[in-house]
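Inside the fold
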Amino acid sequence: MAEGLGHHNRAVVAGAGIAGLATALRLHRAGWQVLVVERAPARRSSGYLVNLLGQGYDAADRLGVLPALADRDLGVFTSILVRADGRPKFTIPAALAQAALGPRAMTVFRGDLESALYEAARDAVTIRFGTAVRSVAQDRDGVDVTLSDGTTERAELLVGADGVHSGVRELVFGPEAGFRVDLRHLVAAFPLDRVPQNVPDGAGATFIGPRRTAALINLGPGRSSAFFTYRVDDPSAELARGPVAALGSAFGDLGGGVPDALRRLAAAPETAYFDSVSQVVMDEWHRGRVVLLGDAAWCVSLFAGYGAALALAGADQLGTALGEHPGDVAAALAQWEAQLRPEIRTRQALARKGTSQYAPPSRAHVWARDLMIRAIQLPGIRGLVQRSVRRDHG
Ligand SMILES: Cc1cc2nc3c(=O)[nH]c(=O)nc-3n(C[C@H](O)[C@H](O)[C@H](O)COP(=O)(O)OP(=O)(O)OC[C@H]3O[C@@H](n4cnc5c(N)ncnc54)[C@H](O)[C@@H]3O)c2cc1C
């Protein structure tokens, strides 16, 4: 249902990821006509899991995509902390994690969340694949967006939802080096076509050692995945080695299901998400009629476990702000940005603290972490943890 008087308003959205599709859907509901341009030639899926909680779950609810996601919810699984050779150290039952997260939470593949948004948006907005933004010129009344297919689109608003390496950000705000803060960790995540070895059904086996984490999740055929992250001194040099060589050196000594997962990666390296872990830190997310949203604007990094949630919430709030300021894009963007900033600041700070959870600096940190996880299972502490998780994501 359209809100306000915006029927003549046009927006171009760069990027058909979670942020771009959620923005397109929400702006359409607010009465805007939307063109989405996506650089990739076609839709892709990806094998890593995202937790949808707090504001992200609420925004997904308002965007109407929860019913489509309900049967793709992977639920909460049992976590087994393992030693380097794959033998279990201890187990955290699924019920404990479920109780901590509460009922308004979901775990889905990132690709499934993107598909649900795509299905909801595809008939409402125009989506052009294989198309990127080449140049941007704006005046008081609008913005001209020249695309890689040679056409130029005139719009009232351009949304750069084109991810951590955003092209729109580069064109309008400046080079990536001015905004991307490398956290000096690499991450690789990929789907497993067969269930991982030595991991029981419905469980994840996680090894956490000094400077690294390896996790294998067995949720059955077609739903299993692997996740690796580790600290590096020179992220660019490590990235240049490619995922097979880099992970082989960093995790080749581990046992359990890891050797088989690495063999699977070597057979299909193109299925891996492999990048350095970064945050994007900017003093402004909008300039005139151009606004950045999602990882392009504020990437909180995977250590926050909240980037998809913020992309959905940011898109939802942008639609609301534009609806509250019909015909006044500048006022809407200023209000939207002021409302969102405190939350992003908090999430970025939490994520920077979170790096030591995934890559503890020393054996002493690993030991302290194990002790904490064991303690979480004690009934008295369990209540405190539940309250704290719900406060953080409420
Ligand atoms: C391993 C891992 C685990 C994570 N876990 C969680 C979690 O548990 N919970 C959570 O909330 N978040 C999680 N996140 C973060 C979350 O996945 C991201 O924050 C979110 O997907 C960002 O969405 P986005 O749409 O902003 O960017 P992207 O997903 O990067 O989408 C950008 C899109 O723009 C396209 N594009 C790029 N350049 C151009 C261009 N020049 N022109 C046009 N199109 C372009 C790209 O092809 C892509 O489709 C995790 C991330 C990782 C890597």
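Residues numbered from 1 in each chain as written. Predicted model: local features only at pLDDT ≥ 70, side-chain atom pairs only at ≥ 80, totals over all residues. Heavy atoms only, no water.

**Topic: helix H2 (residues 54–63)**
Considered for burial, the residues of H2 that qualify are Gly54, Gly56, Tyr57, Ala59, Ala60 and Leu63. Note on H2: the residue one or two positions beyond its end, Gly64, has a positive phi of about 80 degrees. (Buried < 20%, exposed > 50% of the residue type's maximum accessible area, 1.4 Å probe, protein only. Helix = DSSP H or I, 4+ residues; strand = E, 2+ residues; numbered from the N terminus.)

**Description of the side chain of Ser224**
With respect to the helices and strands, the residue Ser224 is situated in strand E15 (residues 224–231). One polar contact links the side chain of Ser224 to the main-chain amide nitrogen of Leu219, over a distance of 3.2 Å. Excluding its chain neighbours within four sequence positions, the residues that come into contact with Ser224 are Pro191, Leu192, Arg194, Val195, Pro196, Ile217, Asn218 and Leu219. (Polar contact = N/O pair within 3.5 Å; in protein donor to acceptor, adjacent residues only side chain to side chain. Contact = heavy atoms within 4.5 Å.)

**Overview of the domain arrangement of the protein chain**
Each assigned domain of the protein chain is listed here: domain 1 (6–72 + 110–180 + 280–355) and domain 2 (182–278 + 358–393). With centres defined by C-alpha atoms, the gap from domain 1 to domain 2 works out at 28 Å. Listed as interface residues are 19 residues of domain 1 and, on the opposing side, 19 residues of domain 2. Buried surface at the junction of domain 1 and domain 2, summed over both partners, amounts to about 1700 Å²; 63% is from carbon and sulfur atoms. Of all residues in domain 1, Arg180, Leu302 and Phe303 give up the largest surface area on contact with domain 2, accounting jointly for 32% of the area buried on that side. When the shortest N-O distance is used, the salt bridge between Asp182 and Arg180 registers 3.2 Å. (Domains from an automatic or database assignment. Buried area = accessible area lost by both parts, 1.4 Å probe. Salt bridge = Lys/Arg side-chain N within 4 Å of Asp/Glu carboxyl O.)

**Quick look at the packing of helix H1 (residues 18–29) against helix H5 (residues 110–121)**
Two quantities define a packed helix pair, namely the angle between the helix axes and the distance between the axes. Across the interface, H1 lies against H5 with an axial gap of 9 Å and an inter-helix angle of 25 degrees. Comparing their axes, H5 and H1 come out roughly parallel. Remark: the crossing between H1 and H5 carries left-handed chirality. Residues Ile18, Leu21, Ala22 and Leu25 of H1 touch H5, and the partners they reach there are Arg110, Leu113, Glu114, Leu117, Tyr118, Ala120 and Ala121. For the contact of H1 with H5, the per-class residue count stands at nine nonpolar, no polar and two charged. (Axes fitted to C-alpha atoms, helices over the stretch in contact; angles between N-to-C directions. Parallel < 35°, antiparallel > 145°, perpendicular 65-115°, else oblique. Left-handed = near helix turned anticlockwise from the far one by under 90°. Nonpolar A, V, L, I, M, F, W, Y, C, P; charged D, E, K, R; others polar.)

**Considering the pairing of strand E10 (residues 152–155)**
Alternating residues of E10 divide into Glu153 and Ala155, all buried, and Thr152 and Arg154, none buried. One ladder, built from four bridges, connects strand E9 (residues 143–147) with E10; its direction is antiparallel. Along E10, the bridge assignment pairs Thr146 with Thr152. What sits between the antiparallel neighbours E9 and E10 is a turn of four residues, in which Gly150 has the positive phi angle 90 degrees. (Pairing = 2+ DSSP bridges.)

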